[in-house]
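# Overview (structure and organization)
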Amino acid sequence: MNRSMIGFVAGVLSLVALQARAWDLEVLVQSARQEGTIDSIGMPDDWANWKGMWAAVSQKYGFRHQDTDMSSAQEIAKFGAEKSNATADIGDVGHAFGIVAVQKGIVQPFKPSTWDQIPDWAKDKDGNWVVAYTGSIAFIINRQLVKDPPRSWSDLAKGTYKVTLGDVGVASQANNGVLAAAIALGGDEKNLAPALQLFSDLARQKRLSLNDPNIANLEKGEVEVGVLWDFNALNYRDKIDPARFSVVIPSDGSVIAGYTTIINKYARHPNAAKLVREFILSDDGQILLARGYARPIRSSVALPADVRAKLLPDADYGSVRPIKDFEAWEGMSKRLPRLWQEQVMVYLQ
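Residues numbered from 1 in each chain as written. Predicted model: local features only at pLDDT ≥ 70, side-chain atom pairs only at ≥ 80, totals over all residues. Heavy atoms only, no water.

## Brief notes about the overall build of the chain
Check the secondary structure of the chain and you find 13 helices and 11 strands. Overall, the chain is about 75 × 45 × 40 Å in size when its C-alpha atoms are taken along their principal axes. Here the chain, with 349 residues, has 55% of them falling under the buried criterion. Looking at the chain as shown, the accessible area adds up to about 15300 Å², and 51% of this sits on carbon and sulfur atoms. Each charge class in the chain can be summarised by its mean position, and for the 39 positive and 40 negative side chains these summaries are 1 Å apart. (Helix = DSSP H or I, 4+ residues; strand = E, 2+ residues; numbered from the N terminus. Buried < 20%, exposed > 50% of the residue type's maximum accessible area, 1.4 Å probe, protein only. Areas by Shrake-Rupley, 256 points an atom, 1.4 Å probe, with all protein chains shown as cover. Lys, Arg positive; Asp, Glu negative; His and termini not counted. Charge placed at Lys NZ, Arg CZ, Asp CG, Glu CD.)

As structure tokens, this is what we get:
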């Protein structure tokens, strides 16, 4: 076969593949519309603009939708416990929890049409999970209550304010807060000792709050310094009062991590769940996430100027690094609840 014929055949095969993808997507849309409903967990209105996402999905496809807010660990437990009696079709979990979900055999694969534009580190090779957006651990500071605002993890140890981290051992946000502190203070995915020392010191000083750093507690003034994802911190700040709060990426180190959708192996509305993943990773879906202050996983998406203005400057992220050893972090995440109880919570009981 000569070169011209090889090129012709390759072109035909590419066209057939594109037509097949378009046809498959149309079939998926039709099947999802017939299901008519999508039930999610861990994708609440006030997190990464899921409110805007669900509104767009419902308007575009006519879905009825409801969400139950849960932590990453709770989502995986729910999928596994309910099995064929599933009440949820899709969830949003921290990257490491996506890997756990595959190990437990509770998810089903689906590769969106934008698959090739997603970095290899951000997707399971079989499509069981795929990161849609990233966040970096930040501080949100109530300026009305904190007169010496921290700029780093080291500053936390010298302050007089209370620090709110959330449900360590359960929530991916809180777990990554511990990891970020460890990285800043000389540890890593295998060594959380520096962070556990910091938080145990805060606990002994009665400066570690057991509140959750959510929008309600921030608004009520029950959080002085909160540790949370930048997209949540910026969102909460702007919704409550930008004059009351400042958002800071710790200057001595932080971690950037992704959040991934997982589709329930036993979903009652599997086609709707797959179509939702397709939309989330489309240009429109990625921009909607950015409107919620999250950073889209697809770098090729051009963000409107007003959306880019909502995010912190890139220069603020000089100290941020990704998780380098997922296997080690997965193992440490499993040990963290016990370590946290033994080394930190013991001083608050």
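Picking up where we left off.
## Focus on the pairing of strand 3 (residues 90–94)
The element strand 3 is extensively covered by neighbouring structure, given that 5 of its 5 residues are classed as buried. Where strand 3 meets strand 9 (residues 254–263), 5 bridges bridge the pair, whose relative direction is antiparallel. Along strand 9, the bridge assignment pairs Asp-92 with Thr-261. (Pairing = 2+ DSSP bridges.)

## Focus on the packing of aromatic side chains
Overall, the coordinates contain 13 aromatic pairs when judged by the stated rule. Ring centres of Trp-47 and Tyr-259 lie 5.5 Å apart, and the angle between their planes is 65°; on these two criteria the pair is classed as edge-to-face. You can see Trp-47 sitting in the loop between strand 1 (37–41) and helix 2 (50–61) and its partner Tyr-259 sitting in strand 9, a full 212 residues away along the chain. By the burial criterion, Trp-47 is buried, and Tyr-259 matches it. The interplanar angle of 5° and the centroid separation of 5.6 Å between the aromatic rings of Tyr-133 and Tyr-259 together place this pair among those described as stacked. One end of the pair, Tyr-133, is in strand 4 (residues 130–142); the other, Tyr-259, is in strand 9, and 126 residues separate them in sequence. Accessibility assignment for this pair places Tyr-133 and Tyr-259 in one class, buried. (Phe/Tyr/Trp six-rings, centres within 6.5 Å; stacked < 30°, edge-to-face > 60°.)

## Notes on the packing of helix 4 (residues 95–103) against helix 13 (residues 326–343)
Close contact between helix 4 and helix 13 brings their axes to 10 Å; oriented N to C, the two are set at 85°. Judged by the inter-axis angle, helix 4 sits roughly perpendicular to helix 13. Contacts from His-95, Ala-96, Ile-99, Val-100 and Gln-103 in helix 4 reach Phe-326, Trp-329, Glu-330 and Lys-334 in helix 13. Split by residue class, the contact of helix 4 with helix 13 holds 5 nonpolar, 2 polar and 2 charged. (Axes fitted to C-alpha atoms, helices over the stretch in contact; angles between N-to-C directions. Parallel < 35°, antiparallel > 145°, perpendicular 65-115°, else oblique. Contact = heavy atoms within 4.5 Å. Nonpolar A, V, L, I, M, F, W, Y, C, P; charged D, E, K, R; others polar.)

## Considering the packing of helix 2 against helix 11 (residues 283–291)
Between helix 2 and helix 11, the shortest axis-to-axis distance is 8 Å and the interhelical angle comes to 150°. It follows that helix 2 is roughly antiparallel to helix 11 by the angle criterion. Residues Trp-50, Gly-52, Met-53 and Ala-56 of helix 2 form the contact with helix 11, whose own contacting residues are Gly-285, Leu-288 and Leu-289. When its residues are assigned to classes, the contact of helix 2 with helix 11 shows 5 nonpolar, 2 polar and no charged.

## Quick notes on the confidence of the model for the chain
Of all residues in the chain, 93% have pLDDT values of 70 or greater, and the mean over the chain is 92. In the model, residues 3–23 has pLDDT below 50 throughout and makes 3 contacts with residues more than four positions away in sequence or in other chains. (pLDDT = per-residue confidence, 0-100.)

## Describing the environment of Ile-262
Mapped onto the elements of the fold, Ile-262 is located in strand 9. The spacing of Ile-262 and Asn-142 is 120 residues in sequence and 34 Å in space, taken between C-alpha atoms. Among all residues touching Ile-262, those that are not within four sequence positions of it are Ile-76, Phe-79, Asp-89, Ile-90, Gly-91, Val-93, Gly-98, Ala-101, Val-107, Asn-128, Trp-129 and Arg-277.

## Points about helix 2
For helix 2, which comprises 12 residues, the first-to-last C-alpha distance of 16 Å matches the rise-based estimate of 16 Å (1.5 Å per residue) to within 8%. Listing the buried residues of helix 2 in full gives Trp-50, Met-53, Trp-54, Ala-56, Val-57 and Tyr-61. Each buried residue of helix 2 lies within a common arc of 160° when the element is viewed along its axis, so the set occupies one face. More than 90 degrees from the buried face of helix 2, the exposed residues found are Lys-51 and Gln-59. Phi turns positive one or two residues past the end of helix 2, at Gly-62, with a value near 75°. (Expected span 1.5 Å × (residues − 1). Arc of directions from axis to C-beta.)

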